[in-house]
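# Working through the structure, step by step
If you want the building blocks of each chain, they are given just below.
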Amino acid sequence: MSIKGPLTVHWLLRVLLVALLGYITLQWTTQSRTSFMYEGQGPKSTFSTYVAEGDQLFQKGEYVKAIESFSTALSLQPDDKNCLVARSRCYLKLGDAESALKDAESSLQDNKDFFKGLYQKAEALYTMGNFEFALVYYHRGNKLRPELQDFRLGIQKAQEAIDNSVGSPSSVKLENKGDLSFFHKSDGVSWLFYLLYLNHSHKRESKKHGRKIDKSEKTAKELLGELYSDREYLEKLLQDEDLVKGKIRTGERVQDLIVSCISYLDTRTAFWQQQKPIYARQRDRKLMQQQWNRALHKPPSDPTRYVLNSLEEIDTALSAGNTESGLKKARELMKAVKEWSEGVLPNKREVLGNLHSCIGNALMDLGNMEKSLHHHEKDLELAKKGDLMDSKSRALDNIGRVYARIGKFQQAIEVWEEKLPLACGGLEKAWLFHEIGRCYLELKRYREARDYGSRSLMAADDISDEKWQLNASVLMAQAELKLGNYKACVSHFERALDRAKLLQDDSASEAIQKVNTDIPILLSHSLPHPSHHPSCPVAFSIVPFKLH
């Protein structure tokens with residue numbers, strides 16, 4: 001049956017969209033770069049511009065155009081390792097794992113410990129089905145940057161793919177047949193060579209007796225899913241003699257194009273079969289129910305990862321305002337963690353402290369200050385026992401906030417002053433100095449309030465944080481007002497007003513302007529202290545807003 005006319009167009013579109021995406025795009029980009037070079041036109045912009053353009057196109061999913069941008073950038077700086085990694089990611093998205101691997105290896109040429117290049121090389125090897133080598137590079141990257149989750153996930157998925165392909169060690173039963181005397185004083189390397197010898201011997205015997213494993217169409221159908229019908233369609237097209245003799249606009253024969261499509265789909269089938277064989281999928285389904293039943297009584301296979309994911313879910317719920325949901329999850333996780341030993345979860349004390357902190361913050365949001373204080377004090381107790389400085393700082397921070405919320409300002413000051421040596425970074429210091437100053441202001445200890453306001457302003461100036469410059473200026477203005485230093489008060493309010501306008505905070509601007517209209521009255525009367533004139537509208541008022 002001959003396939004011509006509109007049906008041929010339909011076929012080309014379908015192949016381009018489904019099976020040949022990686023192949024066609026590779027050819028297109030190669031031709032584009034070649035024609036670009038022959039035309040003799042140089043890049044019309046800077047390296048950073050082309051890289052930014054490529055990043056934007058990648059985010060939009062336009063990987064072909066992104067490759068073109070990154071390639072142009074690399075023509076300006078051929079050895080830029082970050083750009084090579086970026087282009088490698090694009091190739092990987094298009095299914096061109098070989099080009100992705102080539103770029104990843106180029107990024108490691110000058111620095112073998114470049115973690116982005118290591119990760120990209122591992123991803124390319126994984127996509128090519130080289131799970132063992134991929135696992136090596138995932139481990140190498142994880143050793144260099146253990147805090148990155150991508151390497152841990154890579155190790156897990158590569159190990160799972162290896163287990164699914166050849167079976168896990170627990171499922172292998174060795175028999176003591178044959179002459180094993182040479183193992184009497186052997187090391188682990190000898191064992192490895194022996195296993196490799198058995199593997200190759202088995203392959204030779206299979207080839208000798210003509211045994212060959214036939215590809216199961218049923219397996220291919222399950223692995224390819226919707227693409228299986230496209231593969232059948234391509235095979236039918238090969239039977240059309242008129243069609244396969246034709247050529248496309250680039251001069252390539254249609255027959256070669258169809259064959260490359262089928263080859264690409266067969267390669268993907270083999271990869272997916274190795275990554276997750278059918279028997280492994282069926283086995284997983286059978287074991288799922290058993291694992292579910294044991295979940296409540298036995299720790300997960302990777303407790304650390306389970307805890308990290310759960311803490312992330314709790315933090316997301318609390319940040320999104322789903323306080324009750326986050327509180328419930330935190331309590332459930334705490335109940336499970338308490339039953340685990342430190343052998344199962346080495347950082348058990350730190351995890352429990354983190355959960356006490358989450359629960360305490362949730363209860364504070366719900367208005368239950370007494371129970372909130374109890375959980376934050378538990379967090380502090382665990383931090384002191386384990387000598388965990390970061391956890392101790394967090395607990396003192398939260399305890400002080402609870403005391404301030406319930407009006408116990410002196411206790412809040414004492415707790416926060418204990419935290420001061422643990423504060424790190426200008427932002428944390430600006431906040432902490434400001435909060436202590438606010439407490440002193442509430443206790444009518446205005447000199448201390450002014451001093452801490454000044455320290456908060458210095459910390460904010462060091463990091464050029466306009467928000468905390470505004471907060472600190474307002475605090476100092478309030479303290480100076482209560483001390484009767486009206487000129488200093490006006491100066492601080494004016495600075496605060498400038499910051500409020502820069503931040504486009506209308507409510508803060510209105511509040512400051514309202515107070516500033518009354519201060520000149522005090523200046524004109526040269527009053528020694530506002531407490532001598534209670535009739536003055538600002539004499540006993542404190543600007544009623546806080547921005548943090």
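Everything quoted here is computed from the prediction, not taken from an experiment. (Residues numbered from 1 in each chain as written. Predicted model: local features only at pLDDT ≥ 70, side-chain atom pairs only at ≥ 80, totals over all residues. Heavy atoms only, no water.)

## What to know about the overall build of the protein chain
Scanning the protein chain from terminus to terminus reveals 26 helices and zero strands. Across the 548 residues in the protein chain, those meeting the buried criterion constitute 39%. Counting every atom, the protein chain has about 32,400 Å² of accessible surface; 52% of that belongs to carbon and sulfur. (Helix = DSSP H or I, 4+ residues; strand = E, 2+ residues; numbered from the N terminus. Buried < 20%, exposed > 50% of the residue type's maximum accessible area, 1.4 Å probe, protein only. Areas by Shrake-Rupley, 256 points an atom, 1.4 Å probe, with all protein chains shown as cover.)

## Comments concerning helix H7 (residues 115–127)
Taking 1.5 Å per residue, 13 residues should reach 18 Å; H7 reaches 18 Å between its end C-alpha atoms and fits that length. When H7 is considered as a whole, its buried residues turn out to be Gly 117, Leu 118, Gln 120, Lys 121, Ala 122, Glu 123, Ala 124, Leu 125, Tyr 126 and Thr 127. (Expected span 1.5 Å × (residues − 1).)

## Observations concerning the side chain of Ser 69
Of note, Ser 69 is situated in helix H4 (residues 63–76). Overall, the relative accessible area of 6% leaves Ser 69 in the buried class. For Ser 69, the side chain forms a polar contact with the side chain of Glu 53, separated by 2.9 Å. The contacts of Ser 69, once residues within four sequence positions are left out, are Tyr 50, Glu 53, Gly 54 and Leu 57. (Polar contact = N/O pair within 3.5 Å; in protein donor to acceptor, adjacent residues only side chain to side chain. Contact = heavy atoms within 4.5 Å.)

## A short note on the packing of aromatic side chains
All chains considered together, the criterion is met by nine aromatic pairs. Judged by centre distance (6.1 Å) and plane angle (55°), the ring pair of Tyr 306 and Trp 340 falls under tilted. You can see Tyr 306 sitting in helix H16 (residues 303–319) and its partner Trp 340 sitting in the loop between helix H17 (323–338) and helix H18 (348–365), a full 34 residues away along the chain. We classify Tyr 306 as partly exposed; its relative accessible area is 38%. Aromatic pair Trp 416 and Trp 431: ring centres 5.7 Å apart, planes at 80°, arrangement edge-to-face. On the criterion of sequence distance, the pair formed by Trp 416 in helix H21 (residues 409–419) and Trp 431 in helix H22 (residues 426–442) is long-range, its members being 15 residues apart. Classification of Trp 416 by relative accessible area gives buried; the value is 0%. (Phe/Tyr/Trp six-rings, centres within 6.5 Å; stacked < 30°, edge-to-face > 60°.)

## Details of the pattern of salt bridges
Summed over all chains, the structure comprises twelve salt bridges. Between Glu 442 and Arg 438 there is a salt bridge, and its shortest N-O distance comes to 3.8 Å. With Glu 442 and Arg 438 both in helix H22, this residue pair falls four residues apart, about one helical turn. Its relative accessible area of 12% is what places Arg 438 among the buried residues. In this structure, the salt-bridge partner of Arg 450 is Glu 480, at a minimum N-O distance of 3.6 Å. Residue Arg 450 is located in helix H23 (residues 446–463), and its partner Glu 480 is located in helix H24 (residues 466–483); the two are separated by 30 residues in the primary sequence. (Salt bridge = Lys/Arg side-chain N within 4 Å of Asp/Glu carboxyl O.)

## Thoughts on the packing of H21 against H22
Packing of H21 against H22 leaves a shortest axis separation of 9 Å and a crossing angle of 155°. Taken together, the axes of H21 and H22 lie roughly antiparallel to each other. Crossing hand, H21 versus H22: left-handed. Two secondary-structure elements touch here, H21 through Phe 409, Ala 412, Ile 413, Trp 416, Glu 417 and Lys 419 and H22 through Glu 428, Trp 431, Leu 432, Glu 435, Ile 436, Cys 439, Tyr 440 and Glu 442. Tallied by class, the residues present in the contact of H21 with H22 amount to nine nonpolar, no polar and five charged. (Axes fitted to C-alpha atoms, helices over the stretch in contact; angles between N-to-C directions. Parallel < 35°, antiparallel > 145°, perpendicular 65-115°, else oblique. Left-handed = near helix turned anticlockwise from the far one by under 90°. Nonpolar A, V, L, I, M, F, W, Y, C, P; charged D, E, K, R; others polar.)

## Details of the nonpolar core
The nonpolar side chains of soluble globular proteins are, as a tendency, buried together. Membership of the largest hydrophobic core comes to 38 residues, with the highest contact counts inside it found for Phe 70, Cys 83, Tyr 126 and Tyr 138. Taken together, the elements giving at least two residues each to this core come down to helix H3 (47–60), H4, helix H5 (81–93), helix H6 (97–107), H7, helix H8 (131–144) and helix H9 (149–166). Considering each element in turn, this core owes the most residues, seven residues, to H5. Discounting chain neighbours no more than four positions away, the residues touching Cys 83 are Phe 47, Val 51, Phe 70, Ala 73 and Leu 74. Core analysis: the next-biggest nonpolar cluster, separate from the first, contains 31 residues, Leu 373, Ala 423, Ala 459 and Ala 479 among them. (Core = buried A, V, L, I, M, F, W, Y, C linked by side-chain atoms within 4.5 Å.)

## Concerning the UniProt feature "repeat: TPR" (unreviewed entry) in the protein chain
Mapped onto the present numbering, the UniProt feature "repeat: TPR" (unreviewed entry) falls at residues 47–80 and 393–426. Secondary structure over residues 47–80 splits into 82% helix and 0% strand, and the C-alpha atoms at its two ends are 10 Å apart. Along residues 393–426 one finds 74% helix and 0% strand; the C-alpha atoms at either end are 15 Å apart. (UniProt positions renumbered as here; feature names shortened; annotations may be inferred.)

## Examining the confidence of the model for the protein chain
Per-residue confidence for the protein chain averages 75 on the pLDDT scale, and 68% of its residues sit at or above 70. Mean pLDDT across the elements of the protein chain ranges from a minimum in helix H10 (residues 188–208), with 43, to a maximum in H5, with 94. Per-residue pLDDT stays below 50 along residues 1–21; that stretch engages in 35 contacts with residues further than four places along the chain or on separate chains. (pLDDT = per-residue confidence, 0-100.)

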